Amino acid sequence: DVLVKGNVAIIRYIVEGTKGECIAFASSIRAISAIGDKLIFLEYPTRVENRQLRSTQRLPTHIPAKITMLKSDSSKSSISLDGVIIDITSKGCQFTFKTDAKDTKVKKSPICVSIVSAANQHSTEINAQVRNSRFENGQISVGIEFDQRDEKIIGGLLTSLAIDVV
């Protein structure tokens with residue numbers, strides 16, 4: 001009963017990926033279709049607002065990495081995935097890997113992120129937590145939050161990769 005011609009609708013959209021922002025506007029409803037799919041026709045908005053949702057902006061990368069699930073005693077399990085870090089900040093990253101199974105999910109759990117830096121020629125390991133995962137175009141994207149107790153290791157890694165985060 002509120003979606004009728006003449007009323008105002010507030011539209012909000014979360015932009016996924018590297019942006020991490022919310023875009024919103026208010027607009028008057030011009031018409032609503034009743035035949036076939038229901039469509040709402042809106043006036044063109046006079047003002048569009050956007051707000052950053054992340055405290056630090058992600059930087060696009062292409063860093064080969066591996067994530068390994070951790071057991072309850074913090075030791076590494078035999079479950080690991082090879083993929084690529086497609087964006088990174090000092091707080092976390094987005095890891096992606098290819099899969100054929102559309103129903104694959106990476107559960108929210110503690111993990112270890114292993115990155116081999118060409119400058120150091122050894123693997124840097126960072127404890128982290130999986131925050132989300134989604135299937136998109138034959139790939140699983142995993143949102144990862146770094147353990148901030150490893151802040152010194154993260155800073156050294158970013159410096160060795162010539163990534164300047166603010």
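To keep things clear, this report deals only with the structure shown in the data block. Model, not experiment: these values are computed from the prediction.

1. A word on helix α1 (residues 151-160)
- Looking only at α1, the buried set comprises Ile154, Leu157 and Leu158. With its buried residues spanning 95 degrees around the axis, α1 presents them on a single face. Exposed residues pointing more than 90 degrees away from the buried face of α1 are listed as Lys152 and Thr159.
- Taken together, the buried residues of α1 touch β6 (76-88), β8 (110-116), β9 (123-136) and β10 (139-146).
- Note on α1: the residue one or two positions beyond its end, Ala162, has a positive phi of about 60 degrees.

2. What about the pattern of salt bridges?
- Tallied over the entire structure, the rule returns six salt bridges.
- Among the salt bridges present, the one from Glu43 reaches Arg30, with a minimum N-O distance of 3.6 Å. Separated by 13 residues along the polypeptide, Glu43 in the loop between β3 (40-42) and β4 (49-52) and Arg30 in strand β2 (residues 21-32) bring together distant segments of the chain.
- Glu43 sits in the partly exposed class, given a relative accessible area of 37%.
- In this structure, Glu145 engages Arg131 in a salt bridge whose closest nitrogen and oxygen atoms are separated by 2.6 Å. Here Glu145 is found in strand β10, whereas its partner Arg131 is found in strand β9, with 14 residues between them in sequence.

3. A closer look at the sheet that holds β8
- Overall, antiparallel pairing links the six strands, which are arranged β5-β6-β7-β10-β9-β8 in a closed barrel. On average, each strand axis in the sheet is inclined to that of its neighbour by 45 degrees, with strand direction left out of account.
- Along the sheet face, α1 touches β6, β8, β9 and β10 and points at about 85 degrees away from the line of β9.

4. What about the environment of Val2?
- By the secondary structure assignment, Val2 is in the segment before β1 (8-15).
- Assessed through its relative accessible area of 57%, Val2 is described here as exposed.
- Each residue touching Val2, except ones within four places of it in the same chain, is listed here: Asn7 and Ile29.

5. Notes on a nonpolar patch on the surface
- On the surface, Val2, Leu3, Ile32 and Ile40 cluster together into a nonpolar patch covering about 350 Å² of accessible area.
- Residue placement: Leu3 occurs in the segment before β1.

6. A closer look at the side chain of Ser114
- Relative to the helices and strands, Ser114 resides in strand β8.
- Not counting the four nearest positions on each side in its chain, Ser114 is found in contact with Ala65, Lys66, Lys76, Ser123, Thr124 and Glu125.

7. As for the pairing of strand β5 (residues 59-70)
- With nine bridges connecting them, β5 and β6 associate as antiparallel partners. Opposite Ile63, over in β6, you have Ile85 as the bridge partner.
- The hairpin turn running from β5 into β6, its antiparallel successor, is five residues long, and Ser74 in that turn takes a positive phi close to 70 degrees.
- For β5 and β8, the ladder comprises five bridges, and the chain directions are antiparallel. When the sheet's bridge partners are listed, Met69 is paired in β8 with Ile111.

8. Examining the environment of Leu161
- Along the polypeptide, Leu161 turns up in the segment after α1.
- Separated by 25 residues in sequence, Leu161 and Glu136 place their C-alpha atoms 27 Å apart.

About the criteria used
Residues numbered from 1 in each chain as written. Predicted model: local features only at pLDDT ≥ 70, side-chain atom pairs only at ≥ 80, totals over all residues. Heavy atoms only, no water. Buried < 20%, exposed > 50% of the residue type's maximum accessible area, 1.4 Å probe, protein only. Helix = DSSP H or I, 4+ residues; strand = E, 2+ residues; numbered from the N terminus. Arc of directions from axis to C-beta. Contact = heavy atoms within 4.5 Å. Salt bridge = Lys/Arg side-chain N within 4 Å of Asp/Glu carboxyl O. Pairing = 2+ DSSP bridges. Axes fitted to C-alpha atoms, helices over the stretch in contact; angles between N-to-C directions. Patch = residues over 30% accessible without salt bridge, like charges linked within 9 Å, V, L, I, M, F, W, Y side chains within 5 Å. Areas by Shrake-Rupley, 256 points an atom, 1.4 Å probe, with all protein chains shown as cover.

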